[in-house]
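Now for the letters of each chain:
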Amino acid sequence: MSSMSTPDTATPASGRSASRGALRLLTGAASVLSRIGGALSILLIVVVLALTTAGVFARYVVGQPLEGVDEACGFMVVAMVMAGAAEALRTGHHIRIDLIMGFVGPRGRRWLDAWSNLAVLVVAVLLARTGWHTAMFSYDFDAFSPGQLELPMWIPQATLPIGAALLGIVAFAKLLAALAGDGTDETRGGH
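Below or above, wherever it landed, is the structure these notes cover. One numbering rule holds for all chains: residues counted from 1, following each sequence as written. In keeping with the predicted nature of the model, local features appear solely for residues at pLDDT of at least 70, side-chain atom pairs appear and are counted solely at 80 or more, and the whole-chain, interface and lining totals rest on all residues. For side-chain calculations, the full set of non-hydrogen atoms in the structure is used, while hydrogens and water are omitted.

### Details of the overall build of the protein chain
Here is the rule: The helix count covers DSSP runs of H or I at least four residues long, the strand count covers runs of E at least two residues long, and both are numbered beginning at the N terminus. Think of it in three bands: with a 1.4 Å probe and only protein chains considered, a residue is buried below 20% of the maximum accessible area for its type, exposed above 50%, and partly exposed in between. Here a residue-residue contact requires only that any non-hydrogen atoms of the pair lie within 4.5 Å.
Each helix and strand in the protein chain was counted, giving six helices and zero strands. Within the span of the protein chain, comprising 191 residues, buried residues form 33% of the whole. Across the protein chain, the fraction of contacts at a sequence separation of at least 24, relative to all contacts at a separation of at least 6, is 76%.

Printed below as a string of structure tokens:
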């Protein structure tokens, strides 16, 4: 007998290794993208805080309100939530009902994690699809915001499909990790 493995015996181990490598690559990419979204969310929080402070100061101290601050802050709040949703999911800061998790073993927690990530993925796909169609409708019909900024509506509306796509990427990576048995969210919160 030869000491070399036949392709049939080497395939399962190399296939598992390749799928683990692909899962690590997907998880790493999802992590990088969600961290970028989280950083953007933090930046938007600072900008909204600065604009709100400037608006209050201008209105109540100077006596001249800044035009469009409320409208801009409203658009940025939506963008901040959508940009930060993926990072919140990745780090385990979404809400999860832990009562059920305490009654099931590790295998049950893995399946509950898989189910919850699948639910997040489905919602993210629906949000991305709906948001895309809404933004494209506004773009096609040249719709503008009704407020003082008169901003093309597709710009703030585009934050919904972009944020939902980021959320979907993270949910998909977490779903595959849960199905592969690569850990759960039980120690860091959940969704």
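### Regarding the packing of helix 2 (residues 69-90) against helix 6 (residues 159-180)
Helix packing geometry: the angle between the two helix axes and the distance between the axes. What counts is decided by this rule: Each axis is a line fitted through C-alpha atoms, and for a helix only the stretch in contact is used; angles between axes span 0 to 180 degrees, taken between their N-to-C directions. Oblique is the label for any angle not covered by the other classes, which are roughly parallel (under 35 degrees), roughly antiparallel (over 145) and roughly perpendicular (65 to 115). Polarity classes work like this: nonpolar for Ala, Val, Leu, Ile, Met, Phe, Trp, Tyr, Cys and Pro, charged for Asp, Glu, Lys and Arg, and polar for all others, with Gly in that last group.
Packing of helix 2 against helix 6 leaves a shortest axis separation of 8 Å and a crossing angle of 5°. For the element pair helix 2 / helix 6, the angle class is roughly parallel. Packed against helix 2, whose contacting residues are Val78, Ala79, Met82, Ala85, Ala86, Leu89 and Arg90, the element helix 6 presents Thr159, Leu160, Gly163, Ala164, Leu166, Leu167, Val170, Ala171 and Lys174 at the interface. Residue composition of the contact of helix 2 with helix 6, by class: twelve nonpolar, two polar and two charged.

### Notes on the side chain of Ser138
Among the structural elements, Ser138 can be located in helix 4 (residues 106-140). Beyond its immediate chain neighbours, meaning those up to four positions away, Ser138 contacts Ala143, Met153, Trp154 and Gln157.

### Considerations on the packing of aromatic side chains
We describe a pair of aromatic rings using the distance from one ring centre to the other and the angle between the two ring planes. Condition: For Phe, Tyr and Trp, where Trp contributes only its six-membered ring, two rings pair if their centres lie within 6.5 Å, and the inter-plane angle classes them as stacked under 30 degrees, edge-to-face over 60, or tilted in between.
One pass over the structure, following the stated rule, counts two aromatic pairs. Centroid distance Phe137 to Phe141: 4.6 Å. Interplanar angle 45°. Geometry classified as tilted. For Phe137, a relative accessible area of 53% translates into the label exposed. Seen from their ring centres, Tyr139 and Trp154 are 5.6 Å apart, and the 90° between their planes marks the pair as edge-to-face. Within this pair, whereas Tyr139 is found in helix 4, its partner Trp154 is found in helix 5 (residues 154-157), the two being separated by 15 residues in sequence.

### Some words on the pattern of salt bridges
Opposite charge on two side chains allows them to pair when their charged atoms are near. Basically, it comes down to this: Salt bridges, as used here, are contacts in which a Lys or Arg side-chain nitrogen is within 4 Å of a carboxyl oxygen on Asp or Glu.
As enumerated under the stated definition, the model contains one salt bridge in all. For Glu87, the salt bridge goes to Arg90, with nearest N and O atoms at 2.8 Å. In this pair, Glu87 and Arg90 are both assigned in helix 2, three residues apart and thus about one turn of the helix distant. For Glu87, a relative accessible area of 17% translates into the label buried. Its relative accessible area of 19% is what places Arg90 among the buried residues.

### Section: the layout of surface pockets
Applied cut-off: With a 1 Å grid laid over protein atoms only, a set of points is called a cavity when a 1.4 Å probe fits there but cannot get out and a pocket when it is open yet has protein on both sides within 12 Å along at least five of seven lines; lining residues have an atom within 4 Å of a point. Grid points are joined across faces, edges and corners, and a volume is the space filled by probe spheres set on the points.
The volume enclosed by the second largest pocket comes to roughly 220 Å³. Lining the second largest pocket are 13 residues, and of these Gly55, Arg59, Leu66, Val69 and Asp70 sit closest to its centre. Elements represented by at least two residues in the lining of the second largest pocket include exactly helix 1 (7-62) and helix 2.

### Overview of the environment of Gln148
Within the fold, Gln148 resides in the loop between helix 4 and helix 5. Each C-alpha atom, one on Gln148 and one on Ala72, is 9.5 Å from the other, the two residues being 76 residues apart in sequence. Each residue touching Gln148, except ones within four places of it in the same chain, is listed here: Glu67, Gly68 and Glu71.

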